[in-house]
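Residues per chain are reported as follows:
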Amino acid sequence: MSDTPFGFGLPPEEPDDGDEGKKKDQESGGGQGPANPFGFGFPGAGGPGADNPFAAMFGSMNPTDLGAAFQQLGQMLSYEGGPVNWDMAKQIARQTVSQGTADGTKDASIGPAERTAVEEAVRLADLWLDDATSLPSGAGSAVAWSRAEWVEATLPAWKELVDPVAERVGGAMGDILPEEMQAMAGPLIGMMKSMGGAMFGQQIGQAVGVLAGEVVGSTDVGLPLGPAGKAALLPLNVAAFGEDLGVATDEVRLYLALREAAHQRLFAHVPWLRSHLFGAVEGYARGIKVDTAKLEDVVGQFDPQNPEELQQALQQGMFQPEDTPEQKAALARLETALALVEGWVDAVVHAAAKPRLSSADALRETLRRRRATGGPAEQTFATLIGLELRPRRLRDASRLWASLTDARGVDGRDALWAHPDMLPTASDLDDPDGFVHREQLDFSELDKMLGEAAGGSTDKPDPKQKDDDTE
């Protein structure tokens, strides 16, 4: 699973496998074709509609399945919730998980031994991180999740990320009719919005279900997807990650625990960071335009017996990011924020692991390569909100944080997280030496002046002096 979030492509400076890599990517479902932008189908499904979540839900449409199909369609059309049918998303995600991954690995309940191993790995990781960062532990508990448990635990975060752009699609579906006709077409508009909720529910459900087969923790995409304060690892996926690396399982688990625990420290002790990241995603989503001409064409030809046609419209590039200064700024802000988070984690984990794990360099490079080649999480967001990020920013950010450590020490480096205005900008990532050696601003006098101003004027009578005068 790639650690980099949201639609990373392979940058020019990153190594790749050439045509062989592309061939493997296509065979593994990593490609992004117009009919299937996620680039993956249901694991193990080879029949008709194997890459179509509607077909996966409805079955092969034989007489036995026909009644269930119409029942599902009725549920879709009667949905009256928000912009995404999250009940459907959860159902599809759980179904996808139950089918297992492409290599035939099925989900399994977590046993006591696996839970203990994860708890011990996170505990040791936190001890090592104490030497590498001034931020204290952010993991109140360590948990081992099955894939199904990961789906349950992360759906609230997916809802927060996807709903803003889904809302725009729902509004567009109602706006494609002329205003004078909208009052007369209430039921039709309601049906269209229900179908929009179903579309997103199907897509996000399938994507989350496939992603559950690859993630190793709760922070793989660079965002805190799980509950606050819970460092989580998925033992089944951790084992799959390290299978062909020639590294002991205990070392792989410990290295991944270091990454999970480092993310937890950052999100726990930088209180503004979560809302900053999620707000940046929402800010970018606000600048997304929906291709109403394409949507109108599809809805005009909508066939209730082929509901997947409406879904395919979404898959075939309905979103168009606005080419405005505001949208460019929103994208740059999000790219930079995610790069700084991932770069800090990369630098801190390497500092903690390098002296202690002989495999630290190899594991670091493996994760960087996975980031560069992308995965379902990236494709999910590239499709759902048209968002693609550049992975070269992660390496730039990692180098900048390492240079800051050398120049200012661990405390000086981590102090930059005190306020978003103190963090490096996109231009600083282009010139890390300039930022590292720039004269550090001293805000102490300004804070003192602001405190005095808030306390009142300097000629305010001293209460103690007043008491003395009355004696």
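As the structure is a computational prediction, the values presented were derived from the model and not from experiment.

Quick word on the overall build of the chain
Along the chain, the regular secondary structure elements total 21 helices and four strands. Sequence-distant contacts in the chain: of pairs separated by 6 or more residues, those separated by 24 or more amount to 81%.

Some remarks on the packing of aromatic side chains
Under the defined criterion, the tally for this structure stands at three aromatic pairs. Aromatic side chains tryptophan 401 and tryptophan 417 sit 5.3 Å apart centroid to centroid with 15° between the ring planes, which places their arrangement in the stacked category. Pair noted here: tryptophan 401 is in helix H17 (residues 392-414) and tryptophan 417 is in the loop between H17 and helix H18 (426-430), with a separation of 16 residues, a long-range link. Here tryptophan 401 and tryptophan 417 have matching classes, each one buried. An aromatic cluster is built from Trp272, Trp344, Trp401 and Trp417, whose rings are joined through pairwise contacts. For arginine 274, the ring lying beneath its charged end belongs to phenylalanine 278, and the centroid distance is 4.1 Å. The side chain of arginine 408 reaches across the aromatic face of phenylalanine 435, ending 5.6 Å from its centre.

What to know about the confidence of the model for the chain
Averaged over all residues, the pLDDT of the chain is 75; the fraction at 70 or higher stands at 58%. Low confidence marks residues 1-60, where pLDDT is under 50. Its contacts with residues over four positions away, or in another chain, come to 154 contacts.

Observations regarding the pattern of salt bridges
Following the criterion strictly, the structure yields 18 salt bridges and no others. The salt bridge involving arginine 393 is made with aspartate 430; its shortest N-O contact spans 2.8 Å. Placement of arginine 393 in helix H17 and of aspartate 430 in helix H18 is noted, with a sequence separation of 37 residues between them. Residue classification places arginine 393 among the buried residues on the basis of a relative accessible area of 7%. As a salt-bridge pair, aspartate 396 and arginine 399 come within 2.6 Å of each other at their nearest N and O atoms. In this pair, aspartate 396 and arginine 399 both sit in helix H17, three residues apart, roughly one turn of the helix. Residue class for arginine 399 comes out partly exposed when judged on its relative accessible area of 48%. Among the charged side chains, a salt-bridge network with shared partners connects Arg393, Asp396, Arg399 and Asp430.

A look at the side chain of aspartate 396
The buried category is assigned to aspartate 396, whose relative accessible area is 12%. Only 2.7 Å separates the side chain of aspartate 396 from the side chain of arginine 393, close enough to count as a polar contact. A polar contact is formed between the side chain of aspartate 396 and the side chain of arginine 399, at a distance of 2.6 Å.

Side note on the nonpolar core
Counting 96 residues, the largest nonpolar core has Trp150, Trp158, Leu273, Leu277, Trp344, Trp401 and Trp417 as its most contacted members. The greatest single-element share of this core, amounting to 14 residues, is contributed by helix H14 (residues 325-353). Setting aside chain neighbours within four positions, we find leucine 277 in contact with Gly222, Leu223, Phe267, Leu334, Ala337, Leu338 and Val341.

Describing the packing of helix H10 (residues 249-269) against H14
Where H10 contacts H14, the two axes come as close as 9 Å, and the packing angle between them is 130°. Overall, the two elements H10 and H14 adopt an arrangement that is oblique. Our pair here, H10 against H14, has a crossing hand that is right-handed. Judged by residue contacts, Tyr255, Leu258, Arg259, Ala262, His263, Leu266 and Phe267 of H10 engage Val341, Glu342, Trp344, Val345, Asp346, Val349, Ala352 and Ala353 from H14. A per-class count over the contact of H10 with H14 returns eleven nonpolar, one polar and three charged.

A look at helix H4 (residues 86-99)
Here H4 spans 20 Å end to end across 14 residues, near enough to the 20 Å set by a 1.5 Å rise per residue. Considered for burial, the residues of H4 that qualify are Trp86, Met88, Ala89, Ile92, Ala93, Thr96 and Val97. Down the axis of H4, the smallest arc covering the buried residues is 165°, so these residues share one side. Looking at the residues trailing H4, positive phi occurs at glycine 100, about 85°.

Describing the environment of valine 215
Residue position: valine 215 is located in the loop between helix H8 (186-211) and strand E2 (230-233). Along the backbone, valine 215 and leucine 234 are 19 residues apart, and their C-alpha atoms lie at a distance of 7.4 Å.

Points about the packing of helix H5 (residues 112-129) against H10
Their axes nearest at 8 Å, the elements H5 and H10 cross at an angle of 65°. Helix-helix and strand crossings are classified by hand; for H5 and H10 the assignment is right-handed. Of H10, the residues touching H5 (which contributes Ala117, Val118, Ala121, Val122, Leu124, Ala125, Asp126, Trp128 and Leu129) are Arg253, Leu254, Ala257, Leu258, Ala261, Ala262 and Arg265. Partitioned by chemical class, the residues of the contact of H5 with H10 number 13 nonpolar, no polar and three charged.

Points about the environment of valine 270
Considering the arrangement of structural elements, one finds valine 270 in the loop between H10 and helix H11 (273-286). Of the residues examined, valine 270 reaches a relative accessible area of 1% and is grouped as buried. Along the backbone, valine 270 and proline 420 are 150 residues apart, and their C-alpha atoms lie at a distance of 9.6 Å.

So, the environment of serine 109
Note on placement: serine 109 falls in the loop between H4 and H5. Sequence-wise, serine 109 and arginine 147 are 38 residues apart; in three dimensions their C-alpha atoms are separated by 8.9 Å.

Overview of the side chain of arginine 265
In this fold, arginine 265 is placed in helix H10. A distance of 2.7 Å separates a polar atom in the side chain of arginine 265 from the backbone oxygen of aspartate 126. Excluding its chain neighbours within four sequence positions, the residues that come into contact with arginine 265 are Asp126, Leu129, Asp130, Thr133, Leu135, Pro136, Ser137 and Gly138.

Rules of the game
- Just so you know, the residues in each chain are numbered from 1, in the order the chain's sequence is written.
- Confidence filtering applies because this is a predicted model: local features only for residues at pLDDT of at least 70, side-chain atom pairs given and counted only at 80 or more, and all residues used for totals across whole chains, interfaces and linings.
- Neither water nor hydrogens contribute to the side-chain values; these are computed over all heavy atoms in the structure.
- Starting at the N terminus, helices and strands are each numbered in turn, a helix being any DSSP run of H or I of at least four residues and a strand any DSSP run of E of at least two.
- Contacts are residue-level and defined by heavy atoms, with any inter-residue pair within 4.5 Å sufficient.
- Pairs were defined over the aromatic rings of Phe, Tyr and Trp, the Trp ring being its six-membered one, requiring ring centres within 6.5 Å. Orientation was assigned from the angle between planes: stacked under 30 degrees, edge-to-face over 60, tilted for the rest.
- For each residue, the accessible area found with a 1.4 Å probe, counting protein chains only, is set against the maximum for its type, and the residue is called buried under 20%, exposed over 50%, and partly exposed in between.
- Comment: the charge-over-ring label is applied if NZ (Lys) or CZ (Arg) is within 6 Å of the ring centre and within 35 degrees of the ring normal.
- A score between 0 and 100, pLDDT records how confident the predictor is in each residue.
- What counts as a salt bridge is simple: a side-chain nitrogen of Lys or Arg found within 4 Å of a carboxyl oxygen of Asp or Glu.
- In the analysis that follows, any N or O atom pair within 3.5 Å is treated as a polar contact, provided that within protein one partner can donate a hydrogen and the other can accept it, and provided that, for residues neighboring in sequence, both atoms belong to side chains.
- Among buried residues, those of type Ala, Val, Leu, Ile, Met, Phe, Trp, Tyr and Cys that are joined through side-chain atoms within 4.5 Å constitute a nonpolar core.
- The axes used here are C-alpha line fits, helices contributing only the stretch in contact, and every angle between their N-to-C directions lies in the interval 0 to 180 degrees.
- With respect to orientation, any angle under 35 degrees is reported as roughly parallel, any angle over 145 as roughly antiparallel, any angle of 65 to 115 as roughly perpendicular, and every other angle as oblique.
- Two helices that cross are described as forming a left-handed crossing if the nearer one is turned anticlockwise from the farther one by less than a right angle, and a right-handed crossing if clockwise.
- Asp, Glu, Lys and Arg are counted as charged, while Ala, Val, Leu, Ile, Met, Phe, Trp, Tyr, Cys and Pro are counted as nonpolar; the rest, among them Gly, fall into the polar class.
- Expected helix span is given by 1.5 Å per residue-to-residue step, counting one fewer step than there are residues.
- Directions are taken from the helix axis to each C-beta atom, and the arc is the one they span.

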